[in-house]
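Coordinates in review
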Amino acid sequence: MVVLKLQFLLVPFFTSVMGEAQYVMQDAALMNYIDRRFLSLEKRLEKCNQDVLDYVEEFRDFSKTIMSRLAELNNYKTEIESEVENLLTKVERAQRDIDYFGSITDSNTCIEVDEDLVKQQLFEEAEEKRKLKLMLNASCDFMLAGIKSLKIVKKTGEIHGSWMKDPGKKHAKIYLLSGSVNNVILEFENIMTFMESNHTQRARRVTLSFPWKGTGHIIYQGFLFYHRYGSLNEIIKYNIQKRNVSDQMLLPGAGRIPVYQLSPATKIDLAIDEQGLWAIHAEPDTGGNIVITKINHMTMAIEHTWDTSCSSKDAEAAFMVCNTLYVVYNFPSGGTSRIQCVYDVLGAVNTYEAPVLHFPKRQGSHSTIHYNPKEKQLFAWGDGSQIIYKLQTMQKV
């Protein structure tokens, strides 16, 4: 009887213990399942993060590729614009040649010339000349008679370079632009500071947004005008005080050949005279002869272009004085520099009657020669030296 009671008591106990064990096993299985799910989620998150990183890297590479392609497209755009400008120039010149040959053919035939047409042509030529005189200020009526003296201001040693004052400003600052490719201007308070031996320590450095090409740059009224390195014929107008690019333009026909055979690094030579800003360059279409273009320095617009009879062969430099181009020639091995081609855009100077002018007391060559209309002097760079030439002038006939 006691055993039977004991069995009745033990059965619920064992049943309870077995139920709890079963629950524990179920909880352990559930926890194991949850752990596996968390591990699976963690692996998926890691893969997702890795995929995101891969996508970001691919996007960066794609962005770099797109930026590179855009830069190439901009270069192509500049080249195409330049080629279009060159083509338009060729078309204009071809049209002039056709008109010229047509006029020659007409002159050889026995056709009575219309007097009214001749009068109209003469009137148009006179009107064009009158407009040029108004644009160029015909009161500028002197020409060079000689180069009377020189002064070697300093010898920096760099073979190529350019130095100058700003003729459009009242200050006496000196600017040094060393090398045929560079992007740093050195600005000195005056010529005495420039002449000091430790001149680089006393200079204010101005770093350009884009480097220059050649030595044909010029500073006028606070702006540096220069041929941009890497471009065919882009001219940059740079504000020296604000240190930013103010404007730019393309010079049609320029940049394909050096403007001077003996200074091959310079494709475009910019000049200042009493009339403002000029560009000097040479073109294959003119047989290598020099072309001069009057540029409005404020708007960077072309005002007029002249094809000269001055050859770029054996030329080393040139400059403008009072509407007149003076081309400096030399020997390939160096020697006495001389001016033996003169071109007056208004026709007031007879090129063939102008005397040959020799540069005094030196043998060598020039990297650049620039005229300063304010001081009536030439600022030249020759064989690593910075030189000032004083001029003799006379009235135009």
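Up top is the structure these notes are about.
A short tour of the structure in this document, coming up. (Residues numbered from 1 in each chain as written. Predicted model: local features only at pLDDT ≥ 70, side-chain atom pairs only at ≥ 80, totals over all residues. Heavy atoms only, no water.)

We now examine the overall build of the chain. When helices and strands are tallied, the chain shows three helices and 20 strands. Buried residues in the chain amount to 40% of all 397 residues. Here the contacts in the chain between residues at least 6 apart in sequence split such that 54% fall between residues at least 24 apart. When the accessible surface of the chain is summed, it comes to about 23000 Å², and 57% of that surface belongs to carbon and sulfur atoms. (Helix = DSSP H or I, 4+ residues; strand = E, 2+ residues; numbered from the N terminus. Buried < 20%, exposed > 50% of the residue type's maximum accessible area, 1.4 Å probe, protein only. Contact = heavy atoms within 4.5 Å. Areas by Shrake-Rupley, 256 points an atom, 1.4 Å probe, with all protein chains shown as cover.)

Our focus in this paragraph is the sheet that holds strand β12 (residues 289–296). Pairing in this open sheet of four strands is antiparallel, and the strands run β10-β11-β12-β13 from one edge to the other. Two strands in the sheet have a free side with no partner beyond their single neighbour: β10 (269–273) and β13 (301–311). Across this sheet, the average inter-strand angle for adjacent strands is 25 degrees, counted without regard to direction. (Pairing = 2+ DSSP bridges. Axes fitted to C-alpha atoms, helices over the stretch in contact; angles between N-to-C directions.)

It is worth spelling out the sheet that holds strand β2 (residues 161–164) at this point. Strand order in the open sheet formed by four strands is β2-β3-β4-β5, with antiparallel pairing between adjacent strands. Edge positions in the sheet fall to β2 and β5 (204–213), since each has one partner strand and no second. Pairs of neighbouring strands in the sheet enclose a mean axial angle of 20 degrees, with direction left out of account. In the sheet, strand β3 (residues 174–178) pairs with strand β4 (residues 181–188) via three bridges, with the strands oriented antiparallel. Each bridged residue has a counterpart across the sheet, and for tyrosine 175 the counterpart in β4 is glutamate 187.

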